[in-house]
Amino acid sequence: MILVLLGPPGVGKGTQASRISLHYEIPSISTGAMFRDAIARGTEFGRRIQRYRIDKGEFVPDEVVIDAVRERIHEPDCVKGFLMDGFPRTIPQAETFHRLLAEEKLRLNAVINFSAPIDDIVTRFSGRRVCPVDGSTYHITHQPPLQPGLCDVCGAQLEQRPDDDPVVVKRRLEVYTEKTAPLVEYYQTSGLLRTVDASREPETVFGQVVALLEGWQWHI
Ligand code: AP5
Ligand code: MG
């Protein structure tokens, strides 16, 4: 199964990606997480990514993202399928992704588009806390850790993402509207897209996703 999760920043793609990945036993590939990890580790790739100012809400150029995705989906854990969280994010990325899959005789099965009112999204950003060690995501009220401020998995001190600063959030939402929102129509036209109401509780949203995937006439 090959899935794409679409939706504005902060809507809950990563939260659902973790659940879907566990449930269907396929890896979740977040381009944003790949970039943050490379920056944190100070690799050559990370230093290159840093120049594109993702901390200010700007996009990484399409060709750089595509190269990273091409390499990642050839790793052995992707043989049974994979889930893309935050990729493709532009029409050219979607077109190249389609070609990339075709070269491997693979096809995208479904695109799940998460939608929620802007007020909910803003609340989610302001309360999000992440673990700098393992990337686990929490929310101070909606998904609090067992011990305030500490990661349930590894005990590390939770942090705010630099791009969750309100000024950067505004920019990310603008970039989403300009570059990513057109993908909704793009995938609607191909019949692959279904929209899920992401304003509900995480468990309820996940239930909708599973119901949708179980009842899907697979595009194969
Ligand atoms: P990326 O890391 O993908 O960020 P994003 O798309 O902006 O989305 P977020 O991770 O901020 O939000 P999310 O939808 O995953 O929400 P989450 O589950 O955390 O990308 C970061 C940057 O990298 C981009 O801005 C760009 O610069 C660059 N980049 C990445 N991919 C790229 C590409 N393909 N091309 C070019 N550049 C690229 O949830 C948010 C909060 O809400 C959490 O606190 C969570 O606990 C809470 N929450 C989640 N679900 C619910 C719910 N149902 N109810 C209540 N609270 C909830
Ligand atoms: Mg995310």
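Structural data are supplied above this passage.
Described in the following lines is the structure provided in the data block. (Residues numbered from 1 in each chain as written. Chains lettered and ligands numbered in written order. Predicted model: local features only at pLDDT ≥ 70, side-chain atom pairs only at ≥ 80, totals over all residues. Heavy atoms only, no water.)

Section: the overall build of the protein chain
For step 1, the next point in the chain: A tally of helices and strands in the protein chain yields 9 helices and 7 strands.
For step 2, the next point in the chain: Its C-alpha atoms give the protein chain a radius of gyration of 17 Å, near enough to 17 Å, the size a compact globule of 220 residues would have.
For step 3, the next point in the chain: Referenced to the eigenvectors of the C-alpha coordinate spread, the extents of the protein chain come out at roughly 45 × 40 × 35 Å.
For step 4, the next point in the chain: Counting over 220 residues, the protein chain shows a buried share of 45%.
For step 5, the next point in the chain: For the protein chain, the share of sequence-separated contacts (at least 6 apart) that also reach a separation of at least 24 residues comes to 69%.
For step 6, the next point in the chain: Accessible surface, the protein chain: about 11,600 Å² in total, of which carbon and sulfur atoms supply 53%. (Helix = DSSP H or I, 4+ residues; strand = E, 2+ residues; numbered from the N terminus. Rg over C-alpha atoms; globule rule 2.2 N^0.38 Å. Buried < 20%, exposed > 50% of the residue type's maximum accessible area, 1.4 Å probe, protein only. Contact = heavy atoms within 4.5 Å. Areas by Shrake-Rupley, 256 points an atom, 1.4 Å probe, with all protein chains shown as cover.)

Examining the environment of Ala110
For step 1, the next point in the chain: With respect to the helices and strands, the residue Ala110 is situated in strand β4 (residues 110–115).
For step 2, the next point in the chain: Between the C-alpha atom of Ala110 and that of Gly191, which follows or precedes it by 81 residues, the distance is 8.8 Å.

A few points about the environment of Val133
For step 1, the next point in the chain: For Val133, the position within the fold is in the loop between β5 (128–130) and β6 (137–139).
For step 2, the next point in the chain: The exposure class assigned to Val133 is exposed, which follows from its relative accessible area of 61%.
For step 3, the next point in the chain: Each C-alpha atom, one on Val133 and one on Asp37, is 9.5 Å from the other, the two residues being 96 residues apart in sequence.

Some details on the nonpolar core
Note that soluble globular proteins tend to have their nonpolar side chains buried in a common cluster.
For step 1, the next point in the chain: Core analysis: the largest hydrophobic core is formed by 29 residues, its most contacted members being Ile73, Phe82, Met84, Phe97, Leu108, Val111 and Tyr187.
For step 2, the next point in the chain: Put simply, the parts of the chain that give this core at least two residues each are β1 (2–6), α4 (62–73), β3 (82–85), α5 (91–103) and α8 (182–189).
For step 3, the next point in the chain: Not counting residues up to four positions away in its chain, the partners in contact with Tyr187 are Leu6, Pro88, Ala94, Leu108, Val111, Leu192 and Leu193.
For step 4, the next point in the chain: Residues Leu3, Ile20, Ala110 and Phe206 belong to the second largest nonpolar core, which totals 25 residues. (Core = buried A, V, L, I, M, F, W, Y, C linked by side-chain atoms within 4.5 Å.)

As for the site of ligand 1
For step 1, the next point in the chain: Near ligand 1 lie 37 residues; those nearest to it are Thr15, Glu58, Arg89, Gln143 and Arg172.
For step 2, the next point in the chain: At 3.1 Å, a backbone N or O of Gly86 approaches a nitrogen atom of ligand 1.
For step 3, the next point in the chain: The contact in question runs from an oxygen atom of ligand 1 to an N or O atom on the side chain of Arg128, over 2.6 Å.
For step 4, the next point in the chain: Isolated, ligand 1 exposes 1,000 Å² of accessible area, and the fraction of that covered by the protein chains is 97%.
For step 5, the next point in the chain: Going through the elements one at a time, α1 (13–24), α2 (31–41), α6 (118–127), β6 and α9 (202–214) are the ones with two or more residues in the shell around ligand 1.
For step 6, the next point in the chain: The greatest single-element share of the shell around ligand 1, amounting to 4 residues, is contributed by α2. (Near = heavy atom within 4 Å. Polar contact = N/O pair within 3.5 Å; in protein donor to acceptor, adjacent residues only side chain to side chain.)

Structural notes on the side chain of Asp85
For step 1, the next point in the chain: The topology assignment puts Asp85 in strand β3.
For step 2, the next point in the chain: In contact with Asp85, other than residues within four places in its own chain, are Leu5, Lys13, Gly14, Ala17, Ser28, Ile29, Ser30 and Thr31.

Structural notes on the packing of α5 against α8
Think of two packed helices as two axes; the pair is described by the angle between the axes and how far apart they sit.
For step 1, the next point in the chain: Two numbers describe how α5 lies on α8: the axes approach to 10 Å, and their chain directions differ by 35 degrees. Between α5, through Ile91, Ala94 and Glu95, and α8, the contact on the second element is made entirely by Pro182, Leu183, Tyr186 and Tyr187.
For step 2, the next point in the chain: Its residues assigned to classes, the contact of α5 with α8 comprises 6 nonpolar, no polar and 1 charged. (Axes fitted to C-alpha atoms, helices over the stretch in contact; angles between N-to-C directions. Nonpolar A, V, L, I, M, F, W, Y, C, P; charged D, E, K, R; others polar.)

Thoughts on the pattern of salt bridges
For step 1, the next point in the chain: Throughout the structure, instances matching the rule amount to 14 salt bridges.
For step 2, the next point in the chain: A salt bridge links Arg72 to Asp77; its shortest N-O distance comes to 2.8 Å.
For step 3, the next point in the chain: Overall, Asp77 belongs to the partly exposed group, its relative accessible area being 39%.
For step 4, the next point in the chain: Each of Arg128, Arg161, Asp163, Asp164 and Arg172 takes part in salt bridges that share partners, so that together they form one network. (Salt bridge = Lys/Arg side-chain N within 4 Å of Asp/Glu carboxyl O.)

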